[in-house]
Amino acid sequence: MPKAKDLTGKQRDGLMKTLTARFEAHMDRHASLEWTTVQAKLESSSAKLWSLDEMEQSGGEPDVIGVDTATGEFIFVDCSAQSPKGRRSVCYDREALDARKEHKPKSSAVDGATAMGATLLAVTDYQRLQELGQFDTTTSSWVQTPDKIRQLGGALFCDRRYDTVFVYHNGAESYYAARGFRCALRV
């Protein structure tokens, strides 16, 4: 995880206000949870707050979608309607970026998530998100790719079309204006 940066008091207050409002506006995503419990955990981790702020600033609109019963960690996921605009036109990972000889994108999905102190969504996380609403109806999002597929040069991405969630493959070095990535963060 990259070195965490501290938020100013103003940034912290603004982020908490945004997260509180989003939590309250979308209770269907976390009906059994109380904000005061989530807030207490957030306030005890400046590194996680910094990561959530990075997710927010890049258009992710992070929100709690559940809790890991084994660890007690709250699971935050980017809940923007489409793949975050500030994270599109990226290939899958550093290896794919380095392999491109021309027309390189600025970054990769894995590098972007890591820089924010978060991870790409796993396919199961993506499918769980889609149970909570309709996301990526005009965009798509890179997701964690099994090593076997990645070693063969491929990577996975998902989207929602025709009221169905699809998991696809593409060359890891590909990038498109409508393909970005979503992050998950455990707090």
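Residues numbered from 1 in each chain as written. Predicted model: local features only at pLDDT ≥ 70, side-chain atom pairs only at ≥ 80, totals over all residues. Heavy atoms only, no water.

**Quick notes on the sheet that holds strand β5 (residues 154-161)**
Line of reasoning, step 1. The strand order across the open sheet formed by 4 strands is β6-β5-β4-β7, and the pairing between neighbours is mixed. Two strands lie at the open edges of the sheet, namely β6 (164-171) and β7 (179-181), each paired on one side alone. Taking each pair of neighbouring strands and ignoring which way they run, the sheet shows an average axis angle of 35°.
Line of reasoning, step 2. In terms of strand pairing, strand β4 (residues 140-143) meets β5 through 3 bridges, oriented antiparallel. Looking across to β5, one finds that W142 is bridged to F157. (Pairing = 2+ DSSP bridges. Helix = DSSP H or I, 4+ residues; strand = E, 2+ residues; numbered from the N terminus. Axes fitted to C-alpha atoms, helices over the stretch in contact; angles between N-to-C directions.)

**Description of the side chain of S58**
Line of reasoning, step 1. Its place among the elements puts S58 in the loop between α3 (46-57) and β1 (62-67).
Line of reasoning, step 2. Among the polar contacts made by the side chain of S58, one reaches the side chain of R87 at a distance of 2.8 Å. (Polar contact = N/O pair within 3.5 Å; in protein donor to acceptor, adjacent residues only side chain to side chain.)

**Considering the side chain of Q82**
Line of reasoning, step 1. Within the element layout of this structure, Q82 appears in the loop between β2 (74-78) and α4 (94-99).
Line of reasoning, step 2. In this structure the side chain of Q82 is engaged in a polar contact, spanning 3.2 Å, whose partner is the side chain of T139.
Line of reasoning, step 3. Residue contacts for Q82: discarding those within four places in its chain leaves R88, D136, T137, T138, T139 and R182. (Contact = heavy atoms within 4.5 Å.)

**Some points on the nonpolar core**
One recurring pattern in soluble globular proteins is that nonpolar side chains are buried together.
Line of reasoning, step 1. If you look at the biggest cluster of nonpolar residues, it comprises 34 residues, and the most contacted ones within it are V38, L42, L52, F76, W142 and F181.
Line of reasoning, step 2. For this core, the secondary structure elements donating two or more residues are α1 (9-25), α2 (35-43), α3, β2, α4, α5 (109-115), β5 and β8 (183-186).
Line of reasoning, step 3. The contact partners of L42, leaving out residues within four places of it in the chain, are M16, L19, W35, L49, L52, F76 and V187.
Line of reasoning, step 4. Among the nonpolar cores identified, the runner-up in size contains 13 residues, and I75, V77, Y126 and L132 belong to it. (Core = buried A, V, L, I, M, F, W, Y, C linked by side-chain atoms within 4.5 Å. Buried < 20%, exposed > 50% of the residue type's maximum accessible area, 1.4 Å probe, protein only.)

**Details of α1**
Line of reasoning, step 1. Helix length check: α1, at 17 residues, gives a terminal C-alpha distance of 24 Å against a target of 24 Å (1.5 Å per residue), a fit within 8%.
Line of reasoning, step 2. When α1 is considered as a whole, its buried residues turn out to be L15, M16, L19, T20, R22 and F23. An end-on view of α1 places all buried positions within 165° of arc, on one side of the element. Residues of α1 that are exposed and point over 90 degrees away from its buried face: K10, D13, K17, E24 and A25. (Expected span 1.5 Å × (residues − 1). Arc of directions from axis to C-beta.)

**Regarding α2**
Line of reasoning, step 1. Taken together, the buried positions of α2 are occupied by W35, V38 and L42. Buried residues of α2, seen end-on, are gathered within an arc of 65° and therefore sit on one face of the element.
Line of reasoning, step 2. Where α2 is buried, its residues touch α1, α3, β1 and β2.

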